[in-house]
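Working through the structure, step by step
Listed here are the chains, written in short residue letters.
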Amino acid sequence: MLSRIAENFYWIGRYMERANDTMNLLEVTHLAFMEQEGNASVSNMWESLIVVNQGLDFFHKFYAEANEQTVHSFLIFSRENLSSIFSCISTVRDNMRAVRNQISSPLWMIVNEFYLWLKNRNIHEILSFDPSMFYRRVKDFGFAFFGALDNTLMRDEAWQFIHLGRALERALETASLLDLKYHVLLESVDEVGKPVDIHQWQILLRSVDGLEPYLNTYSNRIDPANIAELLILNRRFPKSVLFNLTRIKKLMTEMPHQDQSMAYWLLNQKIIGLLSEIESTSIPVIFEVGYHTYLQSIIEQLLLVHGHFSQTYFGGLEDITGSTE
């Protein structure tokens, strides 16, 4: 497979997952806002959502205030925001057009039809009715896409590169959300363990579809240590960092090897080293090192994995934001 074709498939996986992540964050934040509307403790909720996404400085280039309407507009329709749902789906569609002869007709139709539907929506239409209907439509699109992907594509390099991108995006998103919760959302350490803290942990779990798995595993008690264990170290939870690194390693073993390539050797060593580091750690060790320090290290190493992917398979290093130029 040509490197530029492999790169197209890789970014299809990453941007599809990014669109799904953005949608989940919007949905759970909107739900929490409706539940807590008027409560001063959630006054920073919309701003926090922007911090997760592109950052307040970038957001304020286009909007003066972070509120329900401006944040929805920024995260759903903004062309400037590479993580907005419309930007993600547009990029997925562009990448799929470049490899149209290597994907199935059902997969292309699902993406193209959703793109055209989304293109004709506007923020006033969404917020004037029940936003949950929009959230459900986007979620159903994601389920349809990955269902068609797994049911209509051969298990060849195209399928592997899409899932490779998806797994890396998931690991990065989970680590970034955990770091944000522990380092940004609470206004003071005095709030740790209080209702607003517990509520924010529940929001985080919902945003990664992890609340029900958490409750099934750890009963009803919300505990930061158990949440960290689920989202970092759990081998069975599909959005944990360890699960997705293991997934990346498995996918690489199934792909054509480049054993004589120094770039491939460096990529393989980086993944083996990061896997070993996570597998050998424990929650007490993470808290001893420092939660923020540990997660920042994981995020930096995951970004290095992306750089090694690019060097090994795509012919060079590129901007980590996901340019397909």
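We now turn to the structure provided with this report.

A short note on the packing of aromatic side chains
Using the criterion set out here, one finds 21 aromatic pairs in the structure. Both rings, one in Phe161 and one in Tyr313, keep their centres 5.2 Å apart while their planes meet at 80°; by these two values the pair is edge-to-face. Of the two residues, Phe161 is situated in helix H9 (residues 157-185) and Tyr313 in helix H16 (residues 291-313); the sequence distance between them amounts to 152 residues. On the basis of relative accessibility, which here comes to 8%, the residue Tyr313 falls in the buried class. In this structure an aromatic cluster arises from ring pairing among Tyr10, Trp11, Tyr15, Phe161, Phe309, Tyr313 and Phe314. Lying across the ring of Trp117, Arg137 places its NZ or CZ 4.2 Å from the centre.

Regarding the side chain of Thr312
Relative to the helices and strands, Thr312 is located in helix H16. Looking at Thr312, the relative accessible area reads 9%, which means it is buried. Polar side-chain contacts of Thr312 include one of 2.7 Å to the backbone oxygen of His308.

What to know about helix H14 (residues 262-279)
Over its 18 residues, H14 extends 25 Å from the first C-alpha to the last, a length consistent with the 26 Å expected when each residue adds 1.5 Å. Within the span of H14, buried status applies to Ala263, Tyr264, Leu267, Asn268, Ile271, Leu274, Leu275 and Ile278. Looking down the long axis of H14, one finds its buried residues gathered within 135° of arc, a one-sided arrangement. Those residues of H14 that are buried lie in contact with helix H12 (224-233), helix H13 (241-254) and H16.

Details of the nonpolar core
Within the largest apolar cluster, 104 residues are counted, with the highest numbers of intra-cluster contacts made by Ile278 and Phe309. Ranked by the residues each element gives to this core, the list is headed by helix H1 (residues 3-36), at 15 residues. If near-sequence neighbours (up to four positions away) are discounted, Phe309 is found in contact with Tyr10, Leu164, Leu168, Ile248, Met252, Leu267, Ile271 and Phe314.

Here is what the cut-offs are and how they apply
Residues numbered from 1 in each chain as written. Predicted model: local features only at pLDDT ≥ 70, side-chain atom pairs only at ≥ 80, totals over all residues. Heavy atoms only, no water. Phe/Tyr/Trp six-rings, centres within 6.5 Å; stacked < 30°, edge-to-face > 60°. Helix = DSSP H or I, 4+ residues; strand = E, 2+ residues; numbered from the N terminus. Buried < 20%, exposed > 50% of the residue type's maximum accessible area, 1.4 Å probe, protein only. Lys NZ or Arg CZ within 6 Å of the ring centre and 35° of its normal. Polar contact = N/O pair within 3.5 Å; in protein donor to acceptor, adjacent residues only side chain to side chain. Expected span 1.5 Å × (residues − 1). Arc of directions from axis to C-beta. Contact = heavy atoms within 4.5 Å. Core = buried A, V, L, I, M, F, W, Y, C linked by side-chain atoms within 4.5 Å.

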